[in-house]
Amino acid sequence: MLDQEQKTQIDMACRTAEEFTKHYYENIDKRRQLMVKFYMDTAVLVWNGNGIIGKDEISKFLTALPLTEHKVGALDAQRILDTAVGGKLAFLITVAGTVKFSSKNHRPFTQNFMITNHEDKWKIVSDCFRCQDPL
Amino acid sequence: MPNKNFKRNRLRRPKSYNDHDDRMAGPHMDSRRVSFKNQGRDQRNRHQGPWDKKKLRALLLQNDDIDMGGSAGERERFNRGGGDQRHDNFRGSREDRKKWKKRVKFMMGGYYRIEVWRGSKYGKTELLKLLGSYIKPTPLVPLEVKSDGQDFIFSVENFEVAEKLQSADNKMTLSDGFRLKLQVRAYVPNIELNEKLMTTMKAALAARYNVATKALDLTHFQSDQVLTSQELLCALNRPNVMSCIIELIAECVPDLVALSLNKNNLSAVEPLKAMIDKLPHLKILHMAKNNIKDVKQLDNLSGLKLEEVNLDGNPLVAKFQNLPQEDYVRAIRQRFPRVIKLDGVDLPKPIIFDLEDDEVLTLPKSQFSFICDPGQGNVMAKTFIEQYYQIFDSGDRTPLLQAYHDNAHFSLSCFISAQDSHSMFTSYMSENRNLKRVTHEERRLKLLKIGKPAIVDYFKNFPQTVHDPATFVVDLVFFTPELIQLVVGGLYREKDKFNEGSPIKYFNRSFIIVPVGAGFCIVNEELTLLYPTPAQIKLMSSKLKDLTDSGPSSAALAGPSVPAQAATNGLDNDILAKQRLVTELAAKTQMNLAWSEKCLVETNWNAEQAMFAFCQLRDTGKIPPEAFQK
């Protein structure tokens, strides 16, 4: 059975995921220069199979992308088990929705995040983005 | 020149929208412009009354056939009582209603179905000849001619024809002395895109395409003889037909420059949206004499880089009648800033901002796979996915028990966009934990599967599946001694309906895995299900066709031959390319990955030679059974 603390953490994972995705997509669509603040120094971004490591490189990569407009349609979140993260608080988040690049049409995408509490701030450890159709 | 038309139809407008500016169209512009030939088709304006909300509401209240639009004459009749008494007319005596019901109503964008009572026994030729002679000299163009039980049924596109046919009711005597009785109703056709229609559509498109100017003229497409000679109904204002047409165009002439959709009764613009991605070179779009009501509808198309637009004869243009001309031009240029010719009139060259050009903005190229650790990590990911989906698709998922941590977490979410129906995911909806929809804390907790028995129990109730590894995209995000993050995406279909071509689905699965001893153990897993995209449906149906063509002996999971896209440059890509060759060979031969790799190594990674070698060795019985053990 789950104890109260576990229940609280599960609820926290969901609420944090809601907050996180709200900020993440708002910033990536409108204030991309601030995206660097979302990532850990050593974070990994996998963008349609292209790997980018380190927050500065990630920021550079994201800035170079055409303008985007994301719409989140589905969201899921879990607390990652202690076994995997050594007692640190970390969440696994999955997003599905549609994204529009520049003047192109909306196309479906999925995005998987791992975020953790780093110095009392939520930071992205990994960010794995995929358009459903190969580009 | 198209200007001629323009003058006739819109006398109110001056020649140019901006008379004091004479920078308009020099000869160089004309030379690169593409024009449509005037087809000289029927120019008469049919009943195009404006959308009358009150009337529509009244009709809805009446709860009878919905009449959209209506001729001026008709409206007068409806309005006899004046203003607010309209409803009373509809709720009049039974006699009145009967009378109205009998009369065919004009339906904007609709077709008319004629049902000849007990007409089946007379034969098509006799009936059509009789009716044709009755409405002479108006030509009768029957569509979708068929028998429905005792009745003989066909459709016509033209309202006048429908009206005339209705007046034929009870007026003529058939060969056996009975009176010909018929009923005419307006309806919205439901068009099935079967093989016959598709083939005919292609032929009609080909005949209307101008290779020299890269222009396609689909003016009043329904009247095309290629279609009508086969009695085919092909309304471009049906979204499925328009989507299909755009697909066909994109397939055959992706560099189309000019498209005319004049006179096709289009009222919705949304189905044309696909052109933004599919026809990037489209510069000229004619949609004159349609039924587009509001300029805002064109927002849907604002990604098109149009230089010439023709919307003449649409209700949206009439809305600008009492406004300064510049307003209309501005409204159009807001959507299409590069327009230099509008409704046949040249406009002064626009002054645009020097912003980055969308056309040069390219997205980084997608890779099939990102593997953070090309050595061990690669092997692990490959083995893990192979084993996991083999068990998952095997019919008995109990062995997956071993793959999960005692306290593992699993949850499922479905992404269903507003325009999709839930039906495709019915069997999953009860467990859908999409946090966008499930907002209750208790419910969220309940939908999270905790502990391996709970997870495997759920998998037992999960529909039987067939995943297609050839469509998989795999990202190994982390591979450390403490934690592995693996994300897999791809297509699957449900097994029991496999032969009926059950709809395919796209999945995204995010795993957190920890190494345990020599093996691995899943601690967190999130599964998301999505609708397939049109491109994915196409890919799978072509594969399914290959499958049935080559007989059941070929592997059900064999993928299409993938061009060596991954083998561009760099070591990583090389590994990915090889990995792909291995999975492909494994899928084709049913050998396991280790032996498939061995085979490829020995043939110097030449997929054809490897397949050849495999066939030779198999035929001579030289492949040991362990090569097929998985």
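Residues numbered from 1 in each chain as written. Chains lettered and ligands numbered in written order. Predicted model: local features only at pLDDT ≥ 70, side-chain atom pairs only at ≥ 80, totals over all residues. Heavy atoms only, no water.

Within an unreviewed UniProt entry, the label attached to chain B reads Nuclear RNA export factor, and the organism entered is Nesidiocoris tenuis. Database annotation for chain B, UniProt heading Subcellular location (unreviewed entry): "Nucleus, Nucleoplasm". Under the Sequence similarities (unreviewed entry) heading, UniProt states for chain B: "Belongs to the NXF family." (UniProt positions renumbered as here; feature names shortened; annotations may be inferred.)

The name given to chain A in an unreviewed UniProt entry is NTF2-related export protein, with Nesidiocoris tenuis as the source organism. On record in UniProt, under Function (unreviewed entry), the comment for chain A is "Has a role in nuclear-cytoplasmic transport of proteins and mRNAs."

Trainee: Mind laying out the overall build of chain B, listing which residues take part and the relevant values?
Mentor: Summing up its helical and strand segments, chain B has 22 helices and 18 strands in all. Considering only contacts within chain B whose residues lie at least 6 apart along the sequence, 66% involve residues at least 24 apart. Counting every atom, chain B has about 32000 Å² of accessible surface; 52% of that belongs to carbon and sulfur. (Helix = DSSP H or I, 4+ residues; strand = E, 2+ residues; numbered from the N terminus. Contact = heavy atoms within 4.5 Å. Areas by Shrake-Rupley, 256 points an atom, 1.4 Å probe, with all protein chains shown as cover.)

Trainee: Describe the interface of chain A and chain B, with residues and values.
Mentor: When the parts of a complex come together, some accessible area is lost, and that lost area is often taken as the interface size. Contact residues are listed per partner, giving 54 residues for chain A and 60 residues for chain B. Summed over both partners, the interface of chain A with chain B buries about 5000 Å², with 59% contributed by carbon and sulfur atoms. Counting the contacts that link chain A with chain B gives 3 salt bridges. Here arginine 433 of chain B ties to aspartate 76 of chain A by a salt bridge, and the two come within 2.8 Å at their closest N and O atoms. Remark: the boundary between chain A and chain B carries 25 residue pairs in polar contact (both at pLDDT 80 or more). Of all the secondary-structure elements, those providing two or more residues to the side of chain A that touches chain B are helix H1 (4-30), strand S1 (39-47), strand S2 (50-53), strand S3 (68-79), helix H3 (82-85), strand S4 (90-101), strand S5 (106-118) and strand S6 (121-131) of chain A. Of the residues forming the side of chain A that touches chain B, the biggest block, 8 residues, is contributed by S3 of chain A. Across the side of chain A that touches chain B, the residue classes break down as 28 nonpolar, 17 polar and 9 charged. (Buried area = accessible area lost by both parts, 1.4 Å probe. Salt bridge = Lys/Arg side-chain N within 4 Å of Asp/Glu carboxyl O. Polar contact = N/O pair within 3.5 Å; in protein donor to acceptor, adjacent residues only side chain to side chain. Nonpolar A, V, L, I, M, F, W, Y, C, P; charged D, E, K, R; others polar.)

Trainee: Quick one: what's the story with the nonpolar core, residue by residue and with numbers?
Mentor: Core analysis: the largest hydrophobic core is formed by 57 residues, its most contacted members being Phe221, Leu259, Leu261, Leu285 and Leu311 of chain B. Where this core is concerned, the elements lending two or more residues are helix H9 (195-208), helix H11 (239-252), helix H12 (275-278), helix H13 (315-318) and helix H14 (325-335) of chain B. Among the elements that line this core, the one with the most residues is H11 of chain B, at 8 residues. Among the nonpolar cores identified, the runner-up in size contains 54 residues, and Phe61, Ala90 and Ile115 of chain A together with Cys521 of chain B belong to it. (Core = buried A, V, L, I, M, F, W, Y, C linked by side-chain atoms within 4.5 Å. Buried < 20%, exposed > 50% of the residue type's maximum accessible area, 1.4 Å probe, protein only.)

Trainee: Let's hear about helix H18 (residues 452-461) of chain B: which residues, and what values?
Mentor: Residue and element names in this part refer to chain B. When H18 is considered as a whole, its buried residues turn out to be Ile455, Val456, Tyr458 and Phe459. Across the axial projection of H18, the buried residues extend over an arc of 155 degrees, all falling on one side. H18 presents Pro453 and Asn461 as exposed residues on the side facing more than 90 degrees away from its buried surface. In this structure, the buried residues of H18 make contact with helix H15 (376-392), strand S13 (404-415), helix H16 (426-429), strand S14 (449-450), strand S17 (505-516) and strand S18 (519-530). (Arc of directions from axis to C-beta.)

Trainee: Before we move on, could you go through the sheet that holds strand S2 (residues 143-148) of chain B and cite the residues and values that matter?
Mentor: Residues and elements named next belong to chain B. Across the sheet, 4 strands lie side by side as S2-S3-S1-S4; this open sheet has antiparallel pairing. The two strands at the open ends of the sheet, each matched to only one other strand, are S2 and strand S4 (182-187). The average angle at which neighbouring strand axes cross in this sheet is 20 degrees, direction not considered. Across 6 bridges, the pairing between strand S1 (residues 111-116) and S4 is antiparallel. The residue of S4 that forms the bridge with isoleucine 114 is valine 184. Of the strands in this sheet, S1, S2, strand S3 (151-156) and S4 are in contact with helix H7 (residues 124-135), which crosses S3 at around 50 degrees. Contacting S1, S3 and S4, helix H8 (residues 159-167) crosses the sheet at an angle of about 155 degrees to S4. (Pairing = 2+ DSSP bridges. Axes fitted to C-alpha atoms, helices over the stretch in contact; angles between N-to-C directions.)

Trainee: Requested: an account of the packing of aromatic side chains, with residues and values cited.
Mentor: Residues and elements named next belong to chain B. For the structure shown, the criterion picks out 38 aromatic pairs over all chains. With a centroid separation of 6.1 Å and 70 degrees between ring planes, the pair formed by phenylalanine 425 and tyrosine 428 is classed as edge-to-face. Classification of phenylalanine 425 by relative accessible area gives buried; the value is 0%. Looking at tyrosine 428, the relative accessible area reads 0%, which means it is buried. When the ring centre of tryptophan 117 is taken as origin, the NZ or CZ atom of arginine 118, which lies over that ring, is 4.9 Å away. Its guanidinium or amino end placed over the ring of phenylalanine 392, arginine 397 lies 4.1 Å from that ring's centre, counting from NZ or CZ. (Phe/Tyr/Trp six-rings, centres within 6.5 Å; stacked < 30°, edge-to-face > 60°. Lys NZ or Arg CZ within 6 Å of the ring centre and 35° of its normal.)

Trainee: Which residues make up the confidence of the model for chain B, and what values go with them?
Mentor: Residue and element names in this part refer to chain B. For chain B, the mean per-residue pLDDT works out to 79, and 76% of the residues sit at or above 70. Considering each helix and strand of chain B separately, the mean pLDDT is smallest for helix H4 (residues 72-78), with a value of 40, and largest for strand S8 (residues 284-286), with 97. Here residues 37-51 is a poorly scored stretch, pLDDT under 50, and it has 34 contacts once near neighbours within four places are set aside; other chains count. In the model, residues 58-93 has pLDDT below 50 throughout and makes 60 contacts with residues more than four positions away in sequence or in other chains. Reported confidences for the modelled complex are a pTM of 0.56 and an ipTM of 0.96. (pLDDT = per-residue confidence, 0-100.)

Trainee: Any details on H9 of chain B? Residues and values, ideally.
Mentor: For an α-helix, the turn length of 3.6 residues means that residues three or four places apart are oriented alike. Residues and elements named next belong to chain B. Here H9 spans 20 Å end to end across 14 residues, near enough to the 20 Å set by a 1.5 Å rise per residue. Those residues of H9 lying buried are Leu197, Thr200, Met201, Ala204, Leu205 and Arg208. The arc enclosing the buried residues of H9, seen along the axis, measures out at 140 degrees, which places them on a common side. Pointing more than 90 degrees away from the buried face of H9 are the exposed residues Glu195, Ala206 and Ala207. In this fold, the buried residues of H9 make contact with strand S5 (209-210), strand S6 (215-217), helix H10 (225-228) and H11. (Expected span 1.5 Å × (residues − 1).)

Trainee: An account of the side chain of aspartate 127 of chain A is requested, with residue identities and associated values reported.
Mentor: All names here are of chain A. When you line up the elements, aspartate 127 lands in strand S6. Summary of buried charges: aspartate 127 has no salt-bridge partner, and the nearest side chain of opposite charge, arginine 130, is 11 Å away. A polar contact is formed between the side chain of aspartate 127 and the side chain of tyrosine 39, at a distance of 2.6 Å. Those residues in contact with aspartate 127 that sit more than four places away from it in its chain are Tyr24, Tyr39, Val44, Leu45, Val46, Gln111, Asn112 and Phe113. (Lys, Arg positive; Asp, Glu negative; His and termini not counted.)

Trainee: So what's going on with unusual backbone geometry? Which residues, and what values?
Mentor: Residue and element names in this part refer to chain B. Going from lysine 136 to proline 137, the amide bond is cis rather than trans, its omega being 5 degrees. Here proline 137 lies in the loop between H7 and S2. Positive phi, normally seen in glycine, also occurs at glutamate 144, with a value near 45 degrees. As for its placement among the helices and strands, glutamate 144 is situated in strand S2. A positive phi angle, close to 40 degrees, is found at histidine 220, a residue other than glycine. Among the structural elements, histidine 220 can be located in the loop between S6 and H10.

Trainee: Outline the pattern of salt bridges, listing residues and values.
Mentor: Residues and elements named next belong to chain B. In total, this model carries 25 salt bridges over all chains according to the counting rule given. Residue lysine 214 pairs with aspartate 255 through a salt bridge whose shortest N-O separation is 3.0 Å. Taken together, the positions of lysine 214 in the loop between S5 and S6 and aspartate 255 in the loop between H11 and strand S7 (258-260) put the pair 41 residues apart, joining distant regions of the chain. Overlapping salt bridges bring together Glu247, Glu251, Lys278 and Lys538 as one network.

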